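One-letter residues, chain by chain:
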Amino acid sequence: MSAWLAPAKVNLTLMVGARSASGLHPVRSLIQTIDWCDRLTVVEGEEDRLEIEGADLPDGGDNLVWKAIAALEKEAGVRRPPLRITLQKRLPIGAGLGGGSADAAAALTAVGDMLGVSPARLRNAAAPIGSDVPAALLGGTVWAERFGEEVTRLPGLSGFGVAVLVPTFPLLTADVYRMWDDMGEPRGREFPSRFLPPSLRRSTPIRNDLTPAALRLRPDLGDLMEAVAGQWERPVAMSGSGSSIFSFFVDVEEAAGAAREVEGLASVAVGADLFPHGPVRDEAVT
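Now for a look at the structure at hand.

Quick notes on the rules
Residues numbered from 1 in each chain as written. Predicted model: local features only at pLDDT ≥ 70, side-chain atom pairs only at ≥ 80, totals over all residues. Heavy atoms only, no water. Helix = DSSP H or I, 4+ residues; strand = E, 2+ residues; numbered from the N terminus. Rg over C-alpha atoms; globule rule 2.2 N^0.38 Å. Buried < 20%, exposed > 50% of the residue type's maximum accessible area, 1.4 Å probe, protein only. Contact = heavy atoms within 4.5 Å. Areas by Shrake-Rupley, 256 points an atom, 1.4 Å probe, with all protein chains shown as cover. Lys, Arg positive; Asp, Glu negative; His and termini not counted. Charge placed at Lys NZ, Arg CZ, Asp CG, Glu CD. Core = buried A, V, L, I, M, F, W, Y, C linked by side-chain atoms within 4.5 Å. Arc of directions from axis to C-beta. Pairing = 2+ DSSP bridges. Axes fitted to C-alpha atoms, helices over the stretch in contact; angles between N-to-C directions. Patch = residues over 30% accessible without salt bridge, like charges linked within 9 Å, V, L, I, M, F, W, Y side chains within 5 Å. Salt bridge = Lys/Arg side-chain N within 4 Å of Asp/Glu carboxyl O. Parallel < 35°, antiparallel > 145°, perpendicular 65-115°, else oblique. Left-handed = near helix turned anticlockwise from the far one by under 90°. Nonpolar A, V, L, I, M, F, W, Y, C, P; charged D, E, K, R; others polar.

### A closer look at the overall build of the chain
Looking only at helices and strands, one finds eight helices and 11 strands in the chain. For a compact globule of 286 residues, the expected C-alpha radius of gyration is about 19 Å, and the chain comes in at 18 Å, within 12% of that figure. Principal axes of the C-alpha set define a box for the chain whose edges measure 55 × 45 × 35 Å. For the chain, with 286 residues in total, the buried portion stands at 50%. Within the chain, residue pairs in contact and separated by at least 24 positions form 74% of the contacts whose partners lie at least 6 positions apart. Here the chain displays about 13100 Å² of accessible surface, and carbon together with sulfur accounts for 48% of that area. For the chain, the distance from the average site of its 28 positive side-chain charges to the average site of its 37 negative ones is 5 Å.

Below you can see the structure in the form of structure tokens.
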């Protein structure tokens, strides 16, 4: 049996372009994986089976885990044995933390390792699955462009932790992008430089262009952001298309303490450290 960790991500920056003829929006995004992870175990079985613990998700071909494995088979031209897969969901759904993409990337990595598929083949298989999957596969500090398929690993950020709060409601990515179009493609407000960790102060502008659309869809998200910013005494930002929000702290211990302060306002709040990898083996189980 092989067990793999599938880390969440936060979009430190998400700059969005006008919708293309394909219906997709080009992006430029600075992405960081964090040490809050789903867990995927894979073993050969008598028939294909996906068991999901911790979330009510489809376990058939519509699940991104199976879509990833199908993409890998097509790209690499390999035949695989039947697989028994267990997905332990710890990351919330509809939160902008890339949990589904992380699971897909972990499935690519796990089955690719089982079949001896090259990293280049894995990267080629990632792009058609979903826009966040290439970045999830690479992991660490990543710059993503176009429709998410062009990714570059950057020198790893360090020197801070993040506190992440997930509201009691999700946001659907398609709804947020549709609202963003309807609002005339607004630009998000830049995160004040004085509240940024030193390693981010001379980077790309730190902003999320989808925030105005998310706030239009869910005004209560704005109320929550204001309340949390007041509790933490610093601004907060939104990850992806929402609904999760986060801010920067000196280290993971301070971030964890901040998360505990706002637990009553959220479905879940965590303090997280920066995670320098994409999917990796969970060495607790080999």
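### What about the nonpolar core?
Residues Leu-40, Leu-50, Val-65, Ile-69, Ile-85, Leu-108 and Ile-129 are the most contacted members of the largest nonpolar core, which totals 31 residues. At the level of elements, β1 (2–16), β2 (27–44), β3 (49–53), α1 (64–76), β4 (83–88), α2 (99–115), α3 (119–126) and α4 (133–138) are the ones that each hand at least two residues to this core. Among the elements that take part in this core, α2 stands out by supplying eight residues, more than any other. The residues contacting Ile-85, other than those within four sequence positions of it, are Leu-40, Thr-41, Val-42, Arg-49, Leu-50, Glu-51, Val-65, Trp-66 and Ile-69. Leu-14, Val-236, Phe-249 and Ala-266 belong to the second-largest nonpolar core, a separate cluster that totals 29 residues.

### Quick word on α3
Within α3 the residues assigned to the buried category are Leu-122, Ala-125 and Ala-126. In a view along the axis of α3, the buried residues occupy a sector of 100 degrees, so they form one face of it. Where α3 is buried, its residues contact α1, α2 and α4.

### Considerations on the sheet that holds strand β9 (residues 245–249)
Taking strand neighbours across the sheet as the criterion, the four strands line up as β8-β9-β7-β10 in an open arrangement whose pairing is antiparallel. Of all strands in the sheet, those bounded by a partner on one side alone are β8 (237–238) and β10 (268–272). Taken together, the five bridges between strand β7 (residues 161–166) and β9 define a ladder with antiparallel strand orientation. Each bridged residue has a counterpart across the sheet, and for Gly-161 the counterpart in β9 is Phe-249. Packed onto the sheet, helix α7 (residues 219–232) meets β7, β8 and β9 and runs at close to 20 degrees relative to β9.

### Description of a negative patch on the surface
A contiguous patch of negative charge on the surface is contributed by Asp-35, Asp-251, Glu-253, Glu-254 and Asp-273. Following the sequence through the fold, Glu-254 ends up in helix α8 (residues 252–261).

### So, the side chain of Asp-209
Relative to the assigned elements, Asp-209 resides in the loop between α5 (173–182) and α6 (211–217). Those residues within four positions of Asp-209 in sequence are excluded, and the remaining contacts are Leu-14, Met-15, Val-16, Trp-180, Pro-186, Arg-187 and Gly-188.

### So, the pattern of salt bridges
If you walk through the whole model with that rule in mind, you get 15 salt bridges. Residue Arg-39 pairs with Asp-282 through a salt bridge whose shortest N-O separation is 2.7 Å. Separated by 243 residues along the polypeptide, Arg-39 in strand β2 and Asp-282 in the segment after β11 (280–281) bring together distant segments of the chain. Beyond isolated ion pairs, a larger network of salt bridges with shared partners links Asp-38, Lys-89 and Asp-103.

### Structural notes on the environment of Phe-195
Looking at the element boundaries, Phe-195 is found in the loop between α5 and α6. Residues Phe-195 and Ala-135, 60 residues apart in the sequence, show an inter-C-alpha distance of 26 Å. Setting aside anything within four residues of it in sequence, one finds Phe-195 in contact with Glu-233, Arg-234, Pro-235 and Phe-248.

### Some words on unusual backbone geometry
Both trends apply: most residues other than glycine have a negative phi, and most peptide bonds are in trans. A cis amide bond links Gly-242 to the next residue, Ser-243, at an omega of 15 degrees. Considering the arrangement of structural elements, one finds Ser-243 in the loop between β8 and β9. For Arg-146, which is not glycine, the phi torsion reads 55 degrees and is therefore positive. Its location among the elements puts Arg-146 in the loop between β5 (141–145) and β6 (150–153). For Arg-146, a relative accessible area of 43% puts it in the partly exposed group.

### Some points on the packing of α1 against α2
Contact pair α1 / α2: the axes reach a minimum separation of 8 Å and the direction vectors enclose 40 degrees. When the axes of α1 and α2 are compared, the pair comes out oblique. Along this stretch, α1 crosses α2, giving a crossing that reads as right-handed. The segment α1 lies against α2, with Leu-64, Val-65, Ala-68, Ile-69 and Leu-72 engaging Gly-100, Ser-101, Asp-103, Ala-104, Ala-107, Leu-108, Val-111 and Gly-112. Residues that form the contact of α1 with α2 fall into these classes: nine nonpolar, three polar and one charged.

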